[in-house]
Amino acid sequence: MGHARLDPLTGRWVILAPGRARRPDTVAPSLPGPGADAGPTSDDCPFCPGNEHLTPPEIARTGPGAAGTPRWRTRVFPNRYPIVDGPGVDPGAGPADLLRSARRVGGAHEVVVLSPDHGRSLGLLERAQVVEVLAVLRDRARAHTARGRGFTQVFVNHGAEGGASLTHPHAQLIAVDLEPPVVLDEVARITTPEGCLICREIERHAGEDALVVASTDAELWCPWASGTAFEMLLAPRRHRARFEDAADELPAVAELLRHGLARLDRVVAGAPYNLAVHSRPAALTADYHWHIHVWPRLQREAGFERGSGLLVDVVDPAQAAALLRGSGPP
């Protein structure tokens, strides 16, 4: 029998139904097998060294060499097919009403290639490489804030089921003049009379909490009200509102991020996922605690979830955490 749990950070209800994982499935799975996600390095891959001319002009890089040449460690350039771009276009919809509301929205959409290695995903990079990637993402988010953008969403789509259209591991940033409802909901909920929800959760993990995957100067855990199998939440112990201001916490966050993603791949080889950094929007002054969500894409959202707005998790979060810690069979 399933039971419902309320996530205090998002306000969403989740139904835990582990028995659903045993149901027969006659639809051919689309998840890749071990090693299949990386694919062969292609001369046509625009993200591989030597193919810099296949991408839009470079915005930033780490590593030696001039823009548009090899020997880089990370590269940043505009997305060729942006969701938002420039100052925005007036939709000309006239006065907003309840049926049809529109507004001008501008922004920028960038790609950050994580490394020159076509087959090395974020969870397989060395710790120093992940620290560098996080620093690049932070600096690009800072740059967009300095240009007056209201919010920059940092995210990774990994695997075809995760929405990645190109195999070479990369992250993306979308800076927009809108404040996203999901983050606004978290801002409204994160501060309680007893303090920050994330700080309280980390304090609760001080004992032998079954939900913890790993703990250092940052904390990685499977949320008690996980909305999908093997969902993870990662936060620095240091209470800081904005990812754009992150500094000394980045090494600990980087280590646990690569640890968690590598463990996920151990439990489900080639697991696709979405990763998103949540940071307080620039114009707000409310308290917040920046963090990273990891949502594996191992379940299909079907009619019940879409129709009801309720999520269904087929793996108990405590069991998921135990598997990710390596204390159970994959």
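Above this note sits the structure.
Model, not experiment: these values are computed from the prediction.

Just checking my understanding: could you explain the packing of helix H1 (residues 127-146) against helix H4 (residues 250-267) for this structure?
For any two helices packed against each other, the geometry is given by the interaxial angle and the distance between the axes. Contact pair H1 / H4: the axes reach a minimum separation of 8 Å and the direction vectors enclose 115 degrees. Two packed elements cross with a definite hand, and for H1 against H4 that hand is right-handed. Contact residues: Arg-127, Val-130, Val-131, Leu-134, Ala-135 and Arg-138 in H1; Leu-250, Pro-251, Ala-252, Val-253, Ala-254, Glu-255, Leu-257 and Arg-258 in H4.

Can you walk me through helix H3 (residues 197-204) in this structure?
Helical geometry: 3.6 residues make up each α-helical turn, so side chains three or four residues apart lie on a common side. Looking at H3, one finds that the buried residues are Leu-197, Ile-198, Cys-199 and Ile-202. Each element contacted by the buried residues of H3 is listed here: helix H2 (181-190), strand E8 (191-192), strand E9 (195-196), strand E11 (218-221), strand E12 (232-236) and strand E14 (291-296).

Is there a simple way to explain the pairing of strand E13 (residues 273-278) in this structure?
As a general feature of sheets, a regular strand has side chains that alternate between the two faces. Burial within E13 is extensive, with six of its six residues counted as buried. Going residue by residue along E13, you find Tyr-273, Leu-275 and Val-277 tucked away on one face and Asn-274, Ala-276 and His-278 tucked away on the opposite face as well. The sheet contact formed by strand E6 (residues 151-158) and E13 spans five bridges and is antiparallel. Residue pairing across strands places Asn-157 opposite Asn-274, the latter belonging to E13. Across six bridges, E13 lies against E14 in antiparallel orientation. Bridge pairing in E14 links His-278 to His-291.

Mind showing me how you'd approach the pairing of E12 here?
Most of E12 sits out of view: five of its five residues are buried. Residue alternation in E12 divides its side chains into two sets, Met-232, Leu-234 and Pro-236 and Leu-233 and Ala-235, and both sets are buried. Across four bridges, the pairing between E11 and E12 is antiparallel. Looking across to E12, one finds that Leu-220 is bridged to Leu-234. The pairing of E12 with E14 spans three bridges and is antiparallel. Paired with Leu-233 across the two strands is His-293, which belongs to E14.

Looking at this structure, how should I read H2?
Here H2 has its buried residues at Val-183, Glu-186, Val-187 and Ile-190. Axial view of H2: buried residues confined to an arc of 100 degrees, hence all on one face. Turned more than 90 degrees from where H2 packs its buried face, Pro-181 and Ala-188 sit exposed. Residues of H2 that are buried sit in contact with E6, E8, E9, H3, E13 and E14.

Each value, and the rule that gives it
Numbering of residues begins from 1 in every chain and follows the order in which that chain's sequence is written. Per-residue local features are limited, in this predicted model, to residues with pLDDT of at least 70; the limit for side-chain atom pairs, both in listing and counting, is 80 or more; totals at the level of whole chains, interfaces and linings are taken over all residues. Where side-chain values are given, they derive from all heavy atoms of the structure, hydrogens and water being excluded. Axes here refer to lines fitted to C-alpha atoms; in helices the fit is confined to the stretch in contact. Angles between the N-to-C directions go from 0 to 180 degrees. Think of it this way: any DSSP run of H or I at least four residues long counts as a helix, any run of E at least two long counts as a strand, and we number them from the N terminus. It is the rotation of the near helix from the far one that decides the hand of a crossing: anticlockwise by less than a right angle makes it left-handed, clockwise makes it right-handed. Contacts were defined at the residue level, with two residues in contact if any of their heavy atoms lie within 4.5 Å. Partly exposed residues are those whose accessible area sits between 20% and 50% of the maximum for their type, while under 20% is buried and over 50% is exposed, using a 1.4 Å probe and protein chains only. Any two strands are treated as partners once DSSP identifies two or more bridges connecting them. The arc in question is the one spanned by the directions pointing from the helix axis to the C-beta atoms.

All quantities given are derived from atomic positions and should not be read as evidence of function.
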